[in-house]
Amino acid sequence: PSCRRLPRYSADARRARRVVAASANGSCTRDLLVVGPGVLGSLVCQRWLSKFPAASVVGQTNTDNSHDRLLSIGVFPRLKEKAGDERYPFVVFSAPPSGSEDYAAEVEAALKFWDGDGAFV
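Here goes a summary of the coordinates provided. Keep in mind that this is a model prediction, so the values were computed, not measured. (Residues numbered from 1 in each chain as written. Predicted model: local features only at pLDDT ≥ 70, side-chain atom pairs only at ≥ 80, totals over all residues. Heavy atoms only, no water.)

### Topic: the pairing of strand S2 (residues 57–61)
Stage number 1. With respect to burial, S2 is a largely interior element, five of its five residues being buried.
Stage number 2. Side-chain alternation along S2 places Val57, Gly59 and Thr61 on one buried face and Val58 and Gln60 on a second face that is also buried.
Stage number 3. Where strand S1 (residues 32–35) and S2 come together, four bridges link them in parallel fashion. Bridging from a neighbouring strand, Val35 pairs with Gln60 of S2.
Stage number 4. This β-α-β element, S1 to helix H2 (residues 39–51) to S2, shows right-handed connectivity.
Stage number 5. Looking at chain direction, S2 and strand S3 (residues 76–79) are connected through four bridges and run parallel. Along S3, the bridge assignment pairs Val58 with Phe76. (Buried < 20%, exposed > 50% of the residue type's maximum accessible area, 1.4 Å probe, protein only. Helix = DSSP H or I, 4+ residues; strand = E, 2+ residues; numbered from the N terminus. Pairing = 2+ DSSP bridges. Right-handed = clockwise from strand over helix to strand, strands pointing away.)

Dropping the structure here:
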């Protein structure tokens, strides 16, 4: 089984969604992809790993300039150009608009890595 998708609008649904996502029965992986793990994205990675130490966290970058830094905080770096068809239950898009000629297309490309279970932010 995978994490259930719940309606987004009611407070009860939001609370239930957090409970489902936080369940410890192993039915929902906590793996995370962060597209644009710069300052903000790296903080997200660190917080995620402190909360879910067994999770696999991947940081997708345009260049390999920050890969050593990402590895040092426990994040598996990968270049955007080498991304495969992996899908993740949790995806955070934190790349700045200044890094792209077509920002909307970058968001859309990142959305394709989300498996629809956890959350895309």
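### Quick word on the environment of Ser94
Stage number 1. Mapping Ser94 onto the fold places it in the loop between strand S4 (88–93) and helix H4 (103–111).
Stage number 2. Placed 54 residues apart in sequence, Ser94 and Leu40 show a C-alpha to C-alpha distance of 6.9 Å.
Stage number 3. Non-local contacts of Ser94, meaning those with residues more than four positions away in its chain, are made with Val34, Val35, Gly36, Pro37, Leu40 and Gly41.
Stage number 4. One polar contact links the side chain of Ser94 to the main-chain carbonyl oxygen of Gly36, over a distance of 2.5 Å. (Contact = heavy atoms within 4.5 Å. Polar contact = N/O pair within 3.5 Å; in protein donor to acceptor, adjacent residues only side chain to side chain.)

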